Number of protein chains: 2
Amino acid sequence: MFNMEMAEKLKLLGDKTRLTILGLLKDKEWCVCDLVEILNMSQPGVSQHLRKLKAQGIVNETRRGQWVYYSLNVVDKPYIQTILNELPDTQTLLSLLKQNYTNASCP
Amino acid sequence: MFNMEMAEKLKLLGDKTRLTILGLLKDKEWCVCDLVEILNMSQPGVSQHLRKLKAQGIVNETRRGQWVYYSLNVVDKPYIQTILNELPDTQTLLSLLKQNYTNASCP
DNA sequence: ATGAAATATAACTATACACTAATATATTAT
DNA sequence: ATAATATATTAGTGTATAGTTATATTTCAT
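Summary of the structure given here. Keep in mind the model is a prediction, meaning the values are calculated, not measured.

## Topic: the overall build of chain A
A tally of helices and strands in chain A yields six helices and three strands. Going from N to C terminus, chain A has its helices and strands arranged as α-α-β-α-α-β-β-α-α. What you see for chain A is a C-alpha radius of gyration of 14 Å, in line with the 13 Å of a compact globule of 107 residues. Along the first, second and third principal axes, the C-alpha set of chain A runs to 45 × 30 × 25 Å.

Structure below.
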């Protein structure tokens, strides 16, 4: 059906947590455990969001040793880029979310 | 909370029916009964979608006599404009949806 | 090999949501 | 006033979804 793929992707963006993840990824890649600390939610919760984003091709995943890093994959999706432009940048997000996380575990 | 308003608007766009409505509105305003025929769904269903879109300021409503016409209100929402650019135009949507509707009722 | 850490998957729950049918409200025509 | 048409609201239902806890898998260090 004609608007389905579009709607599926936009549905993913219509979620506060995933928007925050994508906003964080604008600046650099993050591993799952980083996001768990920053977002202050369960690890399976974060993993499931990332899986959905990956299934729609919005993020890439790369395993490096123990850690799996996720990064944006929106070069061919201008309408997503425009949305991400509206989001606060990483530093702002981090300070808004500040849960005095330490980022000690994964280099 | 910081990404909420954005997520609320995007959530509305993450629905096939509402995306189609917005795609139709790119070209011109439509009244509810038109959309009911074109989308081939119940009138309350259409009204509820329109109410949500209006509550988020994405469409305007104007009553003219018996009919209430809805139109786009996205001049100040570039990220929505970008999304709408990706949608098929009105004619394409109409032919994709063709339910041999007649557009006889509302001028 | 074994244990620890990171990630993924499965099972479950509570809530949100899209849709429909039924009803109410509003406007026009007679 | 009354009927007819257009729209909105309410109530109810089935499904989707975001989150959790529990468990499995993967990788590294010892």
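## Quick word on the protein's contact with DNA strand D
For DNA strand D, the set of nearby residues contains 28 residues, the closest of which are Arg18(A), Ser42(A), His49(A), Lys52(A) and Cys33(B). Take the atoms of DNA strand D that sit within 4 Å of the protein: sugar and phosphate atoms are 63% of them. One nitrogen or oxygen atom from the side chain of Gln48(A) is found 3.4 Å from a base oxygen belonging to DNA strand D. Note that a phosphate oxygen of DNA strand D is positioned 3.3 Å from one of the backbone N or O atoms of Val32(B). Secondary structure elements with two or more residues in the surface near DNA strand D: helix 2 (16-25) and helix 4 (43-55) of chain A together with helix 3 (32-39), helix 4 (43-55) and strand 3 (67-72) of chain B. A class-by-class count of the residues in the surface near DNA strand D yields nine nonpolar, twelve polar and seven charged.

## Remarks on the interface of chain B and chain A
Taken together, the contact pairs 24 residues of chain B with 24 residues of chain A. A buried area of about 2,100 Å², summed over both sides, lies between chain B and chain A, and 79% of it is on carbon and sulfur atoms. When residues of chain B are sorted by the area they lose upon contact with chain A, Phe2(B), Asn3(B) and Lys16(B) head the list and together hold 29% of the total. Counting every contact that joins chain B to chain A gives zero salt bridges. Run the count over chain B and chain A and you get three residue pairs in polar contact (both at pLDDT 80 or more). Considering each element in turn, the side of chain B that touches chain A owes the most residues, six residues, to helix 1 (residues 4-13) of chain B. Per-class residue counts for the side of chain B that touches chain A are 16 nonpolar, four polar and four charged.

## Side note on the pairing of strand 3 (residues 67-72) of chain A
For a regular strand, side chains alternate in direction, first toward one face of the sheet and then toward the other. All names here are of chain A. Bridge count between strand 1 (residues 30-31) and strand 3: two bridges; the pairing is antiparallel. Along strand 3, the bridge assignment pairs Trp 30 with Tyr 70. In terms of strand pairing, strand 2 (residues 59-64) meets strand 3 through six bridges, oriented antiparallel. Looking across to strand 3, one finds that Arg 64 is bridged to Trp 67. Here strand 2 hands over to strand 3 after two residues, with Gly 65 in that stretch at a positive phi of 65°.

## Some thoughts on the sheet that holds strand 2 of chain A
Read across the sheet, three strands follow the order 1-3-2 (chain A) without closing on themselves; strand pairing throughout is antiparallel. The strands lining the two open edges of the sheet, one partner per strand, are strand 1 and strand 2 of chain A.

## As for the relation of the copies chain B and chain A
For these two chains of identical sequence, chain B goes onto chain A by a turn of 180° and a shift of 0.0 Å along the axis, with RMSD 0.0 Å. Both copies are brought into coincidence by an operation consistent with a two-fold rotation axis. Across chain B, the rotation axis passes nearest the C-alpha of Lys11(B), at a separation of 2.8 Å. The share of interface residues of chain B whose copies in chain A are also at the interface is 100%, consistent with both copies meeting through the same surface.

## Topic: the packing of aromatic side chains
Counting across every chain of the model gives zero aromatic pairs over all chains. When the ring centre of Trp30(A) is taken as origin, the NZ or CZ atom of Lys28(A), which lies over that ring, is 3.8 Å away. When the ring centre of Tyr69(B) is taken as origin, the NZ or CZ atom of Arg64(B), which lies over that ring, is 4.5 Å away.

Reading guide: rules and limits
- Residues numbered from 1 in each chain as written.
- Chains lettered and ligands numbered in written order.
- Predicted model: local features only at pLDDT ≥ 70, side-chain atom pairs only at ≥ 80, totals over all residues.
- Heavy atoms only, no water.
- Helix = DSSP H or I, 4+ residues; strand = E, 2+ residues; numbered from the N terminus.
- Rg over C-alpha atoms; globule rule 2.2 N^0.38 Å.
- Near = heavy atom within 4 Å.
- Polar contact = N/O pair within 3.5 Å; in protein donor to acceptor, adjacent residues only side chain to side chain.
- Nonpolar A, V, L, I, M, F, W, Y, C, P; charged D, E, K, R; others polar.
- Contact = heavy atoms within 4.5 Å.
- Buried area = accessible area lost by both parts, 1.4 Å probe.
- Salt bridge = Lys/Arg side-chain N within 4 Å of Asp/Glu carboxyl O.
- Pairing = 2+ DSSP bridges.
- Least-squares fit on C-alpha atoms with pLDDT ≥ 70 in both.
- Phe/Tyr/Trp six-rings, centres within 6.5 Å; stacked < 30°, edge-to-face > 60°.
- Lys NZ or Arg CZ within 6 Å of the ring centre and 35° of its normal.

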